[in-house]
Amino acid sequence: MKTDIEIAQEATLLDIRKVAEKIGASEDDIEMYGKTMAKVSDEFINRLENNQDGKLILVTAINPTPAGEGKTTITLGLNDAMRKLGKKSVVAMREPSLGPCFGIKGGAAGGGYAQAVPMEKLNLHFTGDFHAITSANNLMCAMLDNHLLQGNALRIDPKRVVVKRCLDMNDRALRNITVGLGKRLDGVVREDHFCITVATEVMAILCLAENLDDLTERLGKIIVAYNYDNEPVTAADIKCVGAMSVLLKDAIRPNLIQSLENNPVFVHGGPFANIAHGCNSVRATKVALKAADYVVTEAGFGADLGAEKFLDIKCRMAGLKPDAVVLVATARALKYNGGVPKDELSNENVEALNKGIVNLGKHIENLQKYNVPVVVTINKFVSDTDAEVKAIKDFVSDKGCRFAVADVWGQGGEGGLDLAKEVLEAVEESSPNFKFLYDDDLSITEKIEKVATEIYGADGVDYTTEAANAIKRAESLGFGKMPVCMAKTQYSLSDDQKLLGRPTGYRINIREAYVSAGAGFVVAIAGAIMTMPGLPKSPAAERIYIDDNGDTVGLF
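Here is a short report on the structure shown in this document. (Residues numbered from 1 in each chain as written. Predicted model: local features only at pLDDT ≥ 70, side-chain atom pairs only at ≥ 80, totals over all residues. Heavy atoms only, no water.)

### Here's the deal with the side chain of T385
Turning to its location among the elements, T385 is positioned in the loop between β18 (374-379) and α16 (386-398). A distance of 2.7 Å separates polar atoms of two side chains, one belonging to T385 and the other to E348. (Helix = DSSP H or I, 4+ residues; strand = E, 2+ residues; numbered from the N terminus. Polar contact = N/O pair within 3.5 Å; in protein donor to acceptor, adjacent residues only side chain to side chain.)

Structural data, given as structure tokens:
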């Protein structure tokens with residue numbers, strides 16, 4: 001059986017100019033990064049402004065397990081299937097982070113015969129967007145430390161610097177560091193921290209900004225520290241915003257590549273959904289909606305994280321409304337939730353599946369709260385049995401959802417035709433009754449508790465003293481009407497990754513909270529989740545190399 005990278009390397013790719021023609025773009029409308037990647041121009045985006053919006057289809061999943069769910073694979077395969085049915089559709093998805101590529105999760109280009117290509121370039125440096133974001137964030141940090149050294153006219157309290165440096169790599173040793181050691185001119189000694197690039201507010205801002213002017217305005221609102229009078233100090237105050245915007249002027253333009261079946265794919269932005277808001281850029285989504293009749297987009301990790309943030313943060317800020325939601329699961333993942341060890345998941349076990357399917361049931365119930373049609377799909381594995389598929393189909397039917405089995409990993413678009421037909425019917429039945437989970441006027445704690453009790457199924461929320469004080473301070477500064485961005489483990493509905501299925505009788509523990517004023521939300525960190533991940537005992541980086549033919553091996 002061929003690996004994902006082998007399939008991608010054998011693919012015949014169209015010149016990106018030919019792909020651009022499928023969205024109505026000429027060679028003058030794109031800036032090429034080689035023959036197979038491009039950025040679309042502001043002029044092209046502006047020219048589409050008066051086009052009618054297409055239909056928006058969100059792809060999400062159950063809580064991820066080591067068995068894999070294949071959310072990106074389904075996203076790409078569904079779009080290829082819709083193209084096979086003669087529909088003008090495109091994908092809008094996130095860019096992969098280097099952290100997971102060299103860690104344990106792997107890349108984010110899909111899999112099998114439903115991939116975005118060029119797979120290697122997409123998963124590695126791509127068009128340089130993440131490097132630009134990293135540079136802009138770290139310029140801001142350098143300017144702040146320089147201000148501290150050069151007289152500190154803003155009276156910044158070095159113990160209350162809240163912005164973190166970043167790196168797009170899993171490096172736990174950088175979570176807590178000390179800077180400024182050495183001679184006096186080497187800087188002010190203080191404790192500092194790193195987060196992964198995809199967790200930065202700069203990444204969130206790039207993904208939520210409507211254009212370069214909006215990006216610049218949002219960057220200026222970033223709270224970098226507090227002064228000795230307990231007042232916020234912003235990026236605008238330390239005079240770094242113009243330079244940050246210069247670094248990001250190309251990064252804010254959406255990227256265009258293609259699927260294995262040569263269909264257009266927008267890939268732009270990449271905040272993680274467990275520690276950030278988990279959605280591709282508003283800009284890419286909106287240009288996709290203007291350029292096609294149907295847009296298939298995804299939100300990171302499980303529906304309790306990615307979908308909730310897509311619906312309550314991205315849709316709220318950008319004025320979007322999904323016309324249907326596709327919820328991805330696998331029989332293997334449901335059996336894992338039912339207690340089956342990973343090495344036994346290929347064996348039929350309907351009893352364990354029925355035990356673990358409650359996780360799928362909770363996600364269905366959550367999505368139905370938003371009044372959008374839900375289509376459940378099983379990402380097919382060879383080991384899936386008829387009895388297991390029937391059990392899932394019966395369960396889903398009882399929940400009032402459409403259902404389809406998809407084999408896009410093995411067959412590409414052809415294997416997603418049944419799913420595409422169900423989605424198209426669901427979209428046609430979609431009503432304009434979409435609603436958010438909570439209102440803007442609720443307090444920050446009320447919003448957190450709404451998500452915790454209604455989406456996660458917790459009995460309530462407990463706050464550390466530090467988190468409670470941070471929330472009070474945020475409200476006193478006028479940030480109380482912002483939506484909340486919950487950071488928690490992706491592996492469980494709870495904040496304890498070991499609680500599988502549909503846990504009950506627990507409380508969510510908020511240990512930290514802070515304002516992302518430029519992004520426009522309040523972050524609440526639950527449990528032990530870290531904003532700078534670490535590498536596993538045996539990272540994927542150990543098995544990635546270049547062979548004698550000059551080909552990359554081991555990337556997945």
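### Let's talk about the pattern of salt bridges
Across all of its chains, the model carries 36 salt bridges by this definition. Among the ionic pairs, D42 bridges to R283, the shortest N-O distance being 2.9 Å. Here D42, found in helix α3 (residues 42-47), pairs with R283, found in helix α11 (residues 282-291); they are 241 residues apart in sequence, far enough to count as distant. The salt bridge partner of D53 is K290, with a shortest N-O separation of 3.0 Å. (Salt bridge = Lys/Arg side-chain N within 4 Å of Asp/Glu carboxyl O.)

### Focus: the pairing of strand β17 (residues 324-329)
Of all six residues making up β17, six are buried, and the element is well covered by its neighbours. Of the two faces of β17, the one holding A324, V326 and V328 and the one holding V325, L327 and A329 are both buried throughout. Where strand β3 (residues 55-61) and β17 come together, five bridges link them in parallel fashion. Counterpart to L58 in the pairing with β17 is V325. Note: β17 against β18, five bridges, orientation parallel. Looking across to β18, one finds that V326 is bridged to V375. (Buried < 20%, exposed > 50% of the residue type's maximum accessible area, 1.4 Å probe, protein only. Pairing = 2+ DSSP bridges.)

### Observations regarding the sheet that holds strand β20 (residues 461-463)
If you walk across this open sheet you meet the four strands as β20-β22-β23-β21, and the pairing is mixed. Each end of this open sheet is capped by a strand with a single partner; those strands are β20 and β21 (484-487). Pairs of neighbouring strands in the sheet enclose a mean axial angle of 40 degrees, with direction left out of account. Inspection of the sheet shows β21 paired to strand β23 (residues 521-526) by four bridges, in the parallel sense. The residue of β23 that forms the bridge with C485 is V523. Lying on the sheet, helix α20 (residues 465-476) is in contact with β20 and β22 (508-516); it crosses β22 at an angle near 35 degrees. (Axes fitted to C-alpha atoms, helices over the stretch in contact; angles between N-to-C directions. Contact = heavy atoms within 4.5 Å.)

### Details of the packing of helix α7 (residues 129-149) against helix α8 (residues 201-208)
Relative to each other, α7 and α8 sit at 125 degrees, their axes nearing to 9 Å. By the angle class used here, α7 and α8 are oblique. The way α7 lies across α8 gives a crossing that is right-handed. Facing F130, I133, A136, N137 and M140 of α7, the residues of α8 in contact are V202, M203 and L206. Considering only residue class, the contact of α7 with α8 consists of seven nonpolar, one polar and no charged. (Parallel < 35°, antiparallel > 145°, perpendicular 65-115°, else oblique. Left-handed = near helix turned anticlockwise from the far one by under 90°. Nonpolar A, V, L, I, M, F, W, Y, C, P; charged D, E, K, R; others polar.)

### Side note on unusual backbone geometry
For the bond from V117 to P118, the omega torsion is 10 degrees, close enough to zero to count as cis. Locating P118 in the fold gives a position in the loop between β6 (114-117) and α6 (119-123). A positive phi is found at F126, a non-glycine position, where the angle reads about 50 degrees. Looking at the element boundaries, F126 is found in the loop between α6 and α7. A positive phi angle, close to 65 degrees, is found at N262, a residue other than glycine. Its place among the elements puts N262 in the loop between β14 (255-259) and β15 (264-267). You can call N262 buried: its relative accessible area is 17%.

### Overview of the nonpolar core
Formed by 142 residues in total, the largest nonpolar core has its most connected members in M140, V224, L248, L360 and I392. When sequence neighbours within four positions are dropped, the list of residues in contact with L360 reads I62, L327, A329, L334, V376, I392, F395 and V396. Of all hydrophobic cores here, the second largest spans 43 residues; its members include C101, I257, A324 and L424. (Core = buried A, V, L, I, M, F, W, Y, C linked by side-chain atoms within 4.5 Å.)

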